[in-house]
Amino acid sequence: MNNYRIETKCVQGGYRPGNGEPRQIPIVQSTTFKYASSAEMGKLFDLEASGYFYSRLQNPTCDTVAAKICELEGGTAAMLTSSGQAANFFSVFNIATCGDHVVSSSALYGGTYNLFAVTMKKMGVEFTFVTPDCSEEELRAAFRPNTKAVFGETIANPALNVLDIEKFANAAHEHGVPLIIDNTFATPVHCRPFEWGADIVTHSTTKYMDGHGAAVGGCIVDSGNFDWMAHADKFPGLCTPDDSYHGITYAEKFGQAGAFITKATAQLMRDFGCTPAPQSAFILNLGLESLHVRMKRHYENALAVATYLEGHEKISWVRFPSLPSDGDYALAQKYMPNGTCGVISFGVKGGREAAERFMANLHIAAIETHVADARSCCLHPANATHRQMNDEELAAAGVSPDLIRFSCGLENSEDLIEDIANALANI
Ligand SMILES: *Cc1c(COP(=O)(O)O)cnc(C)c1O
């Protein structure tokens, strides 16, 4: 599949049915799998043979869809998780545990910020947050001897900063650690972070990949490019024997291409159980089949709406990285020349109160915490996803109190603009 273009991979990646096999991917709705002898099953438990035994760890439907996303990102191994939160948690906790440190961009999804700054802190993992536009010196200064990873979002949700992936990758590699990129908003249709030096990619597949607001899910993809053994002292979990798996050393047994995902499956999925349902993986795959078509339309609608808002007297500012006036336009052009995403943010003159009234006046876009699906929707993050943050933390995350996040769906862009014009006229 590797030589096909991204559109073909969206439609056909991950699954090659043989003679007489189903054309659509089968939903293997089974918790368990049958074996002829205990000896055969024992090999699976020892990771001596690969195969299915219990769907908490692996399931054929989920693996088929993970394989498609792996092809889309250009990776060597991938796994689905039950949510984007689980994907981001696993991606970090797989290499950074109690006593370790991680450098992260401060422009993050609210749930990810909470996971890192509050919950993982309680688990003994410390984070240093740097602004995405920090200088190389500031970025270097954030590293410590116990730093194990660098984390950022391609396009931050909801701040919409574009990450300078090469800058973050260079700093990570100088310090012998991998760069993890949450590529949810760009999707591999618009950006493939591995091509710019990222080592691990995560997704909330709940957003554009599913695309229809139908199934919560996540994915982790490994580029296979990070040489764990070259930094074995930093990554004992991958480079020394795992007592819970009969002394297997993941980086030796599964190599650079497979170690990260095998360990995340064998240890973290086994112990935390953030398992996707086969039915959800099937729904996700339906979304992936049209991802390339939908991303183009989401982007075109967002560009039309952002351009309209920019010229409107009741709008104080507009943030959309594909607008030439945007501060991250150059970065967006470099990393996403064919388009960014369908999400824009802006401020309505009159602050919080005007924002709430504007949103109540909309008829097409519904007020939802969701983004990135076929139906347009909007949200006031300071009042919703980010309400646990104080004003200082909001500012660091790039979220001002008047910010409205508007997710352009797949409707007609003129209808969207008329609806917005009408809502603005009535405040
Ligand atoms: C939504 C989102 C997440 C969390 O994903 P869930 O599927 O809701 O758990 C993580 N990162 C980004 C960028 C998101 O937009």
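Keep in mind that this is a model prediction, so the values were computed, not measured.

Trainee: Please set out helix H5 (residues 110-122) residue by residue, giving values where relevant.
Mentor: If you check H5, its first and last C-alpha atoms are 17 Å apart, about what 13 residues at 1.5 Å a residue would give, namely 18 Å. Of all the bends in H5, the greatest, near 30 degrees, is centred on Phe 116. In the segment just after H5, Gly 124 is the residue with positive phi, at about 95 degrees.

Trainee: I'd like a rundown of the pattern of salt bridges, residues and numbers included.
Mentor: A side chain with one charge can pair with a side chain of the opposite charge if their charged atoms come near. Counted according to the given criterion, the structure contains 14 salt bridges. Between Arg 144 and Glu 126 there is a salt bridge; the shortest N-O distance is 3.6 Å. One end of the pair, Arg 144, is in the loop between helix H6 (136-141) and strand S4 (147-153); the other, Glu 126, is in strand S3 (residues 126-130), and 18 residues separate them in sequence. Relative accessible area serves as the criterion here: at 35%, Arg 144 is assigned to the partly exposed category. The salt bridge involving Glu 353 is made with Arg 357; its shortest N-O contact spans 3.7 Å. Here Glu 353 pairs with Arg 357, and both are found in helix H15 (residues 351-360), just four residues apart, close to one helical turn. For Glu 353, a relative accessible area of 57% puts it in the exposed group. Given a relative accessible area of 42%, Arg 357 falls into the partly exposed group. A network of salt bridges, in which partner residues are shared, links Glu 136, Glu 137, Arg 140 and Glu 174.

Trainee: How would you summarise unusual backbone geometry if you had to cite specific residues and measurements?
Mentor: Between Asn 157 and Pro 158 the backbone carries a cis peptide bond, its omega angle lying at 5 degrees. Topologically, Pro 158 is positioned in the loop between S4 and helix H7 (165-174). The phi torsion at Leu 160 lies on the positive side, around 70 degrees, for a residue other than glycine. As for its placement among the helices and strands, Leu 160 is situated in the loop between S4 and H7. For His 246, which is not glycine, the phi dihedral falls at a positive 55 degrees. With respect to the element layout, His 246 can be found in the loop between helix H9 (236-239) and helix H10 (250-253).

Trainee: Explain helix H3 (residues 60-73) to me, and be specific about the residues and the numbers.
Mentor: Given 3.6 residues per helical turn, the α-helix brings residues three or four places apart onto the same face. Across its 14 residues, H3 extends 20 Å between first and last C-alpha, which sits within 8% of the 20 Å expected from 1.5 Å per residue. The element H3 is extensively covered by neighbouring structure, given that 12 of its 14 residues are classed as buried. Tucked inside the fold, the buried residues of H3 contact helix H1 (6-12), strand S1 (77-81), helix H8 (187-190), strand S6 (200-204), strand S7 (218-222) and helix H12 (278-289). Two to three positions downstream of the cap, the backbone nitrogen of Thr 61 sits 2.8 Å from a side-chain oxygen, assigning the N-cap of H3 to Asn 59. Just downstream of H3, Gly 74 is the residue with a positive phi angle, here 75 degrees.

Trainee: Pulling in residues and values, what's your account of the domain arrangement of the chain?
Mentor: As assigned here, the chain comprises domain 1 (6-286) and domain 2 (294-425). Between domain 1 and domain 2, the C-alpha centre-to-centre distance is 29 Å. Of the residues lining the interface, 35 residues belong to domain 1; the matching set on domain 2 comes to 38 residues. Counting the surface lost from both domain 1 and domain 2, the interface buries some 3,000 Å², and carbon and sulfur atoms represent 63% of this. For Lys 334, the salt bridge goes to Glu 166, with nearest N and O atoms at 2.5 Å. Those elements giving two or more residues to the side of domain 1 that touches domain 2 turn out to be H5, H7 and H8. Each residue belonging to the side of domain 1 that touches domain 2 can be placed in one class, and the counts come to 18 nonpolar, 12 polar and five charged.

What counts and what doesn't
Residues numbered from 1 in each chain as written. Predicted model: local features only at pLDDT ≥ 70, side-chain atom pairs only at ≥ 80, totals over all residues. Heavy atoms only, no water. Helix = DSSP H or I, 4+ residues; strand = E, 2+ residues; numbered from the N terminus. Expected span 1.5 Å × (residues − 1). Bend = angle between axes of the 7 residues up to and from the residue. Salt bridge = Lys/Arg side-chain N within 4 Å of Asp/Glu carboxyl O. Buried < 20%, exposed > 50% of the residue type's maximum accessible area, 1.4 Å probe, protein only. Contact = heavy atoms within 4.5 Å. Polar contact = N/O pair within 3.5 Å; in protein donor to acceptor, adjacent residues only side chain to side chain. Domains from an automatic or database assignment. Buried area = accessible area lost by both parts, 1.4 Å probe. Nonpolar A, V, L, I, M, F, W, Y, C, P; charged D, E, K, R; others polar.

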